[in-house]
Amino acid sequence: MKFSEARQSYLAHAILRLLREEGLAEVEQERHVLAEIKRALVADESFESMIDERVRRRIASLSRKVEPGSREWEVLYRQYYEQEVRKAGRK
């Protein structure tokens, strides 16, 4: 899922506020922390896009035609997505 700049900013501020409210972080340079949170959000987007592309290619390469949106396609997508994430060491 891609986030707009406004959404990234909103999420970064919400995360920072939660960290402060829960007493999990003391922040001296808020601007740097917000930038790092946004960077992490974008990195996660890139990772998900890469995995999505691999999974779609894998389904398309099957010897039988699997129609996108079909129940079989959805099951294969979830299965292959989880496999790719595990291979990448993320979960």
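*Asks:* Just to check I follow, could you spell out the nonpolar core for this structure?
*Replies:* It is characteristic of soluble globular proteins that their nonpolar side chains tend to be buried jointly. Formed by F47, I51, V55, I59, V66, W73, L76, Y77, Y80 and V85, the largest nonpolar core amounts to 10 residues. Of all the secondary-structure elements, those providing two or more residues to this core are α2 (30-60) and α3 (71-88). Looking at which element gives the most residues to this core, the answer is α3, with five residues. A12, L16, L34 and I37 belong to the second-largest nonpolar core, a separate cluster that totals five residues.

*Asks:* Sorry, what's going on with the confidence of the model for the protein here?
*Replies:* The predicted structure's coordinates, where accompanied by low pLDDT, should not be read in detail. Of the residues in the protein, 97% reach a pLDDT of 70 or more, and the chain-wide mean stands at 91. Averaged pLDDT values for the elements of the protein fall to 91 in α2 and rise to 94 in α3.

*Asks:* Looking at this model, I keep getting lost on helix α1 (residues 5-21). Mind explaining?
*Replies:* An α-helical segment advances 3.6 residues per turn. Residues three or four places apart therefore align on the same side. Spanning 17 residues, α1 covers 24 Å between terminal C-alpha atoms, matching the ideal 24 Å at 1.5 Å per step. Where α1 is concerned, the buried positions are Q8, A12 and L16. On an axial view of α1, the arc spanned by its buried residues comes to 65°, and they lie on one face. Opposite the buried face of α1, at more than 90 degrees from it, the exposed residues are A6, Y10 and E21. Those residues of α1 that are buried lie in contact with α2. Among the residues trailing α1, G23 stands out with phi positive, at a value near 70°.

The rules behind these values
- Residues numbered from 1 in each chain as written.
- Predicted model: local features only at pLDDT ≥ 70, side-chain atom pairs only at ≥ 80, totals over all residues.
- Heavy atoms only, no water.
- Core = buried A, V, L, I, M, F, W, Y, C linked by side-chain atoms within 4.5 Å.
- Buried < 20%, exposed > 50% of the residue type's maximum accessible area, 1.4 Å probe, protein only.
- Helix = DSSP H or I, 4+ residues; strand = E, 2+ residues; numbered from the N terminus.
- pLDDT = per-residue confidence, 0-100.
- Expected span 1.5 Å × (residues − 1).
- Arc of directions from axis to C-beta.
- Contact = heavy atoms within 4.5 Å.

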